[in-house]
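Commentary on secondary and tertiary structure
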Amino acid sequence: MTGFEMICEKCEELLQPYLDRELDDSERHEAESHLADCGYCKKRYRFEESLRRYVRSACAEEMSPELKARLAALRTPLT
Ligand SMILES: [Zn+2]
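Since the structure is predicted, the reported quantities are computational estimates derived from the model, not experimental observations. (Residues numbered from 1 in each chain as written. Predicted model: local features only at pLDDT ≥ 70, side-chain atom pairs only at ≥ 80, totals over all residues. Heavy atoms only, no water.)

Now for the coordination of the zinc ion. Protein ligation of the zinc ion involves Cys8 (SG), His34 (NE2), Cys38 (SG) and Cys41 (SG), the donor distances falling in the range 2.0 to 2.3 Å. Taken together, the four donor atoms surrounding the zinc ion define angles of 100 to 116 degrees at the centre, an arrangement classified as tetrahedral. For the zinc ion, all donor residues lie on one chain, and their spacing in sequence is C-x25-H-x3-C-x2-C. Taken together, the positions of cysteine 8 in the segment before helix H1 (9-19) and cysteine 41 in helix H3 (residues 39-62) put the pair 33 residues apart, joining distant regions of the chain. Side by side, cysteine 8 and cysteine 41 carry an identical accessibility label, which is buried. (Donors = N, O, S within 2.8 Å, 3.2 Å for Na, K, Ca; no water. Tetrahedral: all angles 85-135°; square planar, octahedral: opposite > 155°, others 65-115°. Helix = DSSP H or I, 4+ residues; strand = E, 2+ residues; numbered from the N terminus. Buried < 20%, exposed > 50% of the residue type's maximum accessible area, 1.4 Å probe, protein only.)

Here histidine 34 shows up in helix H2 (residues 25-37). A relative accessible area of 16% places histidine 34 in the buried class. Sequence-distant contacts of histidine 34, defined by excluding residues within four places in its chain, comprise Cys8, Lys10, Leu14 and Cys41. (Contact = heavy atoms within 4.5 Å.)

Phi at arginine 21 takes a positive value of approximately 55 degrees, unusual for a residue other than glycine. Among the structural elements, arginine 21 can be located in the loop between H1 and H2. Residue arginine 21 is classed as exposed on the basis of its relative accessible area, which comes to 70%.

Our focus in this paragraph is the pattern of salt bridges. Counted according to the given criterion, the structure contains six salt bridges. Aspartate 20 serves as the salt-bridge partner of arginine 52, at 2.4 Å between the closest nitrogen and oxygen. A residue pair is termed long-range when its members are at least 10 positions apart, and arginine 52 in helix H3 and aspartate 20 in the loop between H1 and H2 qualify at 32 residues. The partner of arginine 53 in a salt bridge is glutamate 49, with the nearest N and O atoms 3.7 Å apart. Of this pair, arginine 53 and glutamate 49 are both found in helix H3, four residues apart, which corresponds to roughly one turn of the helix. A relative accessible area of 28% places glutamate 49 in the partly exposed class. In this structure, a network of salt bridges that share partners links the residues Asp20, Arg44, Glu48 and Arg52. (Salt bridge = Lys/Arg side-chain N within 4 Å of Asp/Glu carboxyl O.)

Let us look at the packing of aromatic side chains. Counted according to the given criterion, the structure contains one aromatic pair. Here the aromatic rings of tyrosine 18 and tyrosine 45 are separated by 5.6 Å at their centres, their planes lie at 45 degrees, and the arrangement is tilted. A residue pair is termed long-range when its members are at least 10 positions apart, and tyrosine 18 in helix H1 and tyrosine 45 in helix H3 qualify at 27 residues. There is no split in this pair, since tyrosine 18 and tyrosine 45 are both buried. (Phe/Tyr/Trp six-rings, centres within 6.5 Å; stacked < 30°, edge-to-face > 60°.)

Below is the structure:
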């Protein structure tokens, strides 16, 4: 134990597109197998994922009821 955490280069290379679901099947597989045995990326992944979840829910909450009602009114009724 050095007390310092090794920064993993794969992290930036694979993790961001993996989180954004921009990878094809083989790249995703590579990212997943890397995540399985890289402690740094695993931690980063968990952090980034919860961050994204938080941002998403914050955005959803930002939409006021008035705006939601306006958006709903814009939708053309099917009947
Ligand atoms: Zn890694």
